[in-house]
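Residue-level listing of the chains:
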Amino acid sequence: MAPVDAQRTSRAGRNLPAAIAVGVGLLALLAASLWFRPEPFVALVVVAQSAALWELRAAFARRDIHVPLTPLVVGGAGMAVSAYAAGAEALLVAFVLTVGGVVVWRVLDGSGPRALRDAAAAVFAATYLPFLAGFVLLILDQPRGELRVVLFVLLAVANDVGGYVAGVMFGRHPLARSISPKKSWEGLAGSIALAVVVGVVGAVWVLESSWALGVALGVLTAVTATVGDLAESLIKRDLDLKDMGSLLPGHGGVLDRLDSLVVTAPFVYLVLATTV
């Protein structure tokens, strides 16, 4: 008989019971944060991106790249609050201030090629996490923003679930073997199919718009989320890591859950802002 751990680990490399339990818990936390007022959700975004920044800093340290965490966390909180309170222009201003702050912070510890490398990594971290996450809060600030955020998250969940199920059951042709061997074209098809279903239902019943918008949101989410997953896989491969962390059993680290969301958020925001 196979060991218990082996039985619980799926073909896709996850501890499935733990992944389901954590996933349901995260969705419940999301719903609770949006239930009465939007401010708790803003705080949730700040906590999540701060944890992801901490994981990314630890990962970079494996290659002797030292990212200043304090100005990133403070600047990231400023970007989140600015995006929700004052819109896209304020998000951009807060991002520029954060970039300037992390560069000055690192240069004060010393100059030279090492400082340049560390500062470049810090700018990448500021862009990859809090800046892109700020678009989720721009979605929240739209009319009926809470429902739009829920739809955005459910699209990402549908992408993940559809890709997982189709990949495990039918996956035969690798999508990007050298970056993420377990991703397949069949999994991508499953992601698109389920995301389109969720998108159509959300567009018609939540946004009170056309089914064509739902199809566009579903396809867009599947493509951008897959690009986000592959981008993080490329970073992990370069850093010789399986997961960015272990804070979320069955999922890895916080960044392992945010990678597809942050890349998808700007595109969903633009589609909703220009069509609904």
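Everything numeric here is computed off the predicted structure, so don't read it as measured data. (Residues numbered from 1 in each chain as written. Predicted model: local features only at pLDDT ≥ 70, side-chain atom pairs only at ≥ 80, totals over all residues. Heavy atoms only, no water.)

Take the overall build of the protein chain next. Helix and strand counts for the protein chain stand at ten helices and two strands. Residues classed as buried in the protein chain amount to 47% of the 276 residues present. Sequence separation of at least 24 residues holds for 70% of the intrachain contacts in the protein chain that already meet a minimum separation of 6. Carbon together with sulfur atoms contributes 71% to the accessible area of the protein chain, which is approximately 13500 Å² in total. (Helix = DSSP H or I, 4+ residues; strand = E, 2+ residues; numbered from the N terminus. Buried < 20%, exposed > 50% of the residue type's maximum accessible area, 1.4 Å probe, protein only. Contact = heavy atoms within 4.5 Å. Areas by Shrake-Rupley, 256 points an atom, 1.4 Å probe, with all protein chains shown as cover.)

As annotated by UniProt and renumbered to match this structure, "transmembrane region" (unreviewed entry) occupies residues 16–35, 91–108, 120–140, 146–166, 187–205 and 211–231. The span residues 146–166 carries 100% helix and 0% strand; its end-to-end C-alpha distance comes to 30 Å. (UniProt positions renumbered as here; feature names shortened; annotations may be inferred.)

On inspection of all chains with the given rule, the structure shows seven salt bridges. Salt-bridge contacts for Asp64 lead to Arg114; the nearest nitrogen and oxygen are separated by 3.0 Å. Of this pair, Asp64 sits in the loop between helix H3 (39–61) and helix H4 (69–86) while Arg114 sits in helix H6 (residues 113–140), and the two are 50 residues apart along the sequence. Salt-bridge contacts for Arg106 lead to Asp118; the nearest nitrogen and oxygen are separated by 2.8 Å. Here Arg106 is found in helix H5 (residues 88–107), whereas its partner Asp118 is found in helix H6, with twelve residues between them in sequence. (Salt bridge = Lys/Arg side-chain N within 4 Å of Asp/Glu carboxyl O.)

For the rest of this paragraph, the subject is unusual backbone geometry. Even without being a glycine, Asp64 presents a positive backbone phi close to 60°. Within the chain, Glu208 stands out as a residue other than glycine whose phi angle is a positive 55°. Turning to its location among the elements, Glu208 is positioned in the loop between helix H8 (185–206) and helix H9 (211–239). For Glu208, a relative accessible area of 64% translates into the label exposed.

Before going further, it helps to examine the side chain of Asp118. With a relative accessible area of 1%, Asp118 lands in the buried category. One polar contact links Asp118 to Arg106, side chain to side chain, over a distance of 2.8 Å. (Polar contact = N/O pair within 3.5 Å; in protein donor to acceptor, adjacent residues only side chain to side chain.)

So, about the nonpolar core. With 61 residues, the main nonpolar core has Phe41, Leu56, Tyr128, Leu137, Val149, Phe152 and Leu217 as its most contacted residues. Mapped by element, the contributors of at least two residues to this core are helix H2 (16–34), H3, H4, H5, H6, helix H7 (145–170), H9 and helix H10 (254–275). Here this core takes 15 residues from H6, the largest share from any one element. Two domains each donate at least three residues to this core, and these are domain 1 (17–141) and domain 2 (144–275). (Core = buried A, V, L, I, M, F, W, Y, C linked by side-chain atoms within 4.5 Å. Domains from an automatic or database assignment.)

Moving on, we come to H9. In this model, H9 (29 residues) spans 42 Å end to end at C-alpha, consistent with the 42 Å of a helix rising 1.5 Å per residue. Trailing H9 by a residue or two, Asp240 shows a phi angle of about 60°, which is positive. (Expected span 1.5 Å × (residues − 1).)

Between H3 and H10, the least distance of the axes is 9 Å, while the angle of their chain directions is 110°. Put simply, H3 runs roughly perpendicular to H10. Along this stretch, H3 crosses H10, giving a crossing that reads as left-handed. The segment H3 lies against H10, with Ala48, Gln49, Ala51, Ala52, Glu55 and Leu56 engaging Val254, Leu255 and Leu258. Residue classes in the contact of H3 with H10 are distributed as seven nonpolar, one polar and one charged. (Axes fitted to C-alpha atoms, helices over the stretch in contact; angles between N-to-C directions. Parallel < 35°, antiparallel > 145°, perpendicular 65-115°, else oblique. Left-handed = near helix turned anticlockwise from the far one by under 90°. Nonpolar A, V, L, I, M, F, W, Y, C, P; charged D, E, K, R; others polar.)

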